[in-house]
Amino acid sequence: VQKGCHCREDAGAAHVDCLLQVAVHQTADEACVDESAWSVCSTCEASFTGTVRHDLAVAWFARVEDRPAEDYTRIDAAENLAAAMNMSGKFARSIELYREIEATKTRLFGKEHPLTLQTTVSVAGVSANSGKYAESVSILEEATVVIARVMGEDDMTTLDAGTALAMGYTQVGNFEAALKVQRQLVTKFSRVWGEDSPQTFHCLMNIVRTHTEMGETEAALALLKDLIPRQTRVQGAAHPQTISSMNTLSILLMQSEQYAEAEAVARDVLARDTPVNSERHPRTVIGNANLGLYILMGGRPAEAEKLLRDAIAIAQTLPEFDHNTTLFFCASHGLALLRLQRRDEAAQLLQETHEKQVADLGSEHPHTLRTASFLGEALFSSGKKVEGRELLEATHASQARVLGESVYATRQTAKQLAECLAADAAELKL
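Residues numbered from 1 in each chain as written. Predicted model: local features only at pLDDT ≥ 70, side-chain atom pairs only at ≥ 80, totals over all residues. Heavy atoms only, no water.

S.K.: Summarise helix H14 (residues 301-315); cite the residues concerned and give the values.
M.R.: Compared with an ideal rise of 1.5 Å per residue, which puts 15 residues at 21 Å, H14 spans 21 Å between its outermost C-alpha atoms and is within 8% of the ideal. Turning to H14, its buried residues are Pro301, Ala304, Glu305, Leu308, Ala311, Ile312 and Ala315. Buried residues along H14 cover an arc of 140 degrees about the axis, so they all sit on one side. Looking at the buried side of H14, the elements it contacts are helix H13 (282-297) and helix H15 (323-339). (Helix = DSSP H or I, 4+ residues; strand = E, 2+ residues; numbered from the N terminus. Expected span 1.5 Å × (residues − 1). Buried < 20%, exposed > 50% of the residue type's maximum accessible area, 1.4 Å probe, protein only. Arc of directions from axis to C-beta. Contact = heavy atoms within 4.5 Å.)

Given below as structure tokens:
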């Protein structure tokens, strides 16, 4: 039995084979134009996620794969499968499918038809998700010009492509270009949708994220403290966008080393969000794990260790839960064990987590580097001082180059490295 949608409690749990039979039955009529049963839950009307989304997408495409490439149902099934592969982290297959669809739509409609251009933007999105940021930016720089000319400056497809391009600029470190595009988009979204629309709020949050990537925490905090009251007034205190902004606020407070304030915001988020979602909902799990991290950094490792351990245990039972987020929690749990002087457990967990992140994300992904920093500290404290110090030095150099000297993670590694070097110096004096 899988739970692959947003239904509350167990209402969304079902055998994938049963959902497959429902989809087949509902789309059996060739005249049927509603194919949503392959991707949308009929109970809560939200898109399927995780194993359910993946397996249904594979099954649908298998049923129509032998049709001509230009068959519209085959195109829809291929696009659904490409999106599912992207969500499952199977980026190469997703790009392959999107490229095939793009070629088919070019033959059918032309290279500059809106449907073709939307697929081009999808290719760029998957490229970014797979870490090919420069390739994604290259695609989007060309596509956004064409989309604006064909569909108009204020068309939603144009605005979405611009949003993706700005994100791409952030990912490649071209922050000034990102901020320029994002500020232009805020003006356009405000004009088209209104200053207090969800679309404008989303664009403002992207500016917050860019300032965060630049290490400009104070600028990001100032924007958030203006934005959250507006979101609360317009959308409500428990709206997902408001909750997301508050989660970002708590992270920024932690990065400013305001741990008590970060904990207070995290508790507020859980109080607002938990009545809407069960304890096993991914948002609740993430909220509890974040709370555990803030408590840990605030100096209460025993309380933090239990919160993190429980969050990981739940996350590992949820097929729709992002694997890389679980690994991020595991690294936090490893640090909690280290603070409790359970050094061997900490080192083992951090070593295993680091190896998985290197394989899945690469050695220079921010999450991988964060775990490497914790592992270096664990090795040093467990007596492997040379190995630990060298890992901390290498990690700090990578973080400074990839993330910047002023970013919280880089500062924390520098602080830990300094403490290790001071301990070495003190030992030599003895």
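S.K.: Account for the packing of aromatic side chains, naming residues and giving values.
M.R.: The relative placement of two aromatic rings is captured by the distance of their centres and the angle of their planes. Enumeration over the complete set of coordinates arrives at 1 aromatic pair. Lying across the ring of Phe328, Arg370 places its NZ or CZ 3.7 Å from the centre. (Phe/Tyr/Trp six-rings, centres within 6.5 Å; stacked < 30°, edge-to-face > 60°. Lys NZ or Arg CZ within 6 Å of the ring centre and 35° of its normal.)

S.K.: With reference to specific residues and values, describe the side chain of Gln357.
M.R.: In this fold, Gln357 is placed in helix H16 (residues 343-361). Accessibility expressed as a relative area gives 1% for Gln357, which makes it buried. Among residues more than four places away in sequence, those in contact with Gln357 are Leu327, Phe328, Gly362, His367, Thr368 and Thr371.

S.K.: Can you break down the pattern of salt bridges residue by residue, with the values?
M.R.: Summed over all chains, the structure comprises 23 salt bridges. For Arg99, the salt bridge goes to Glu102, with nearest N and O atoms at 2.9 Å. Residue Arg99 and its partner Glu102 are both found in helix H4 (residues 91-109); the two are separated by 3 residues, about one turn of the helix. On the accessibility criterion, Arg99 (37% relative accessible area) is partly exposed. (Salt bridge = Lys/Arg side-chain N within 4 Å of Asp/Glu carboxyl O.)

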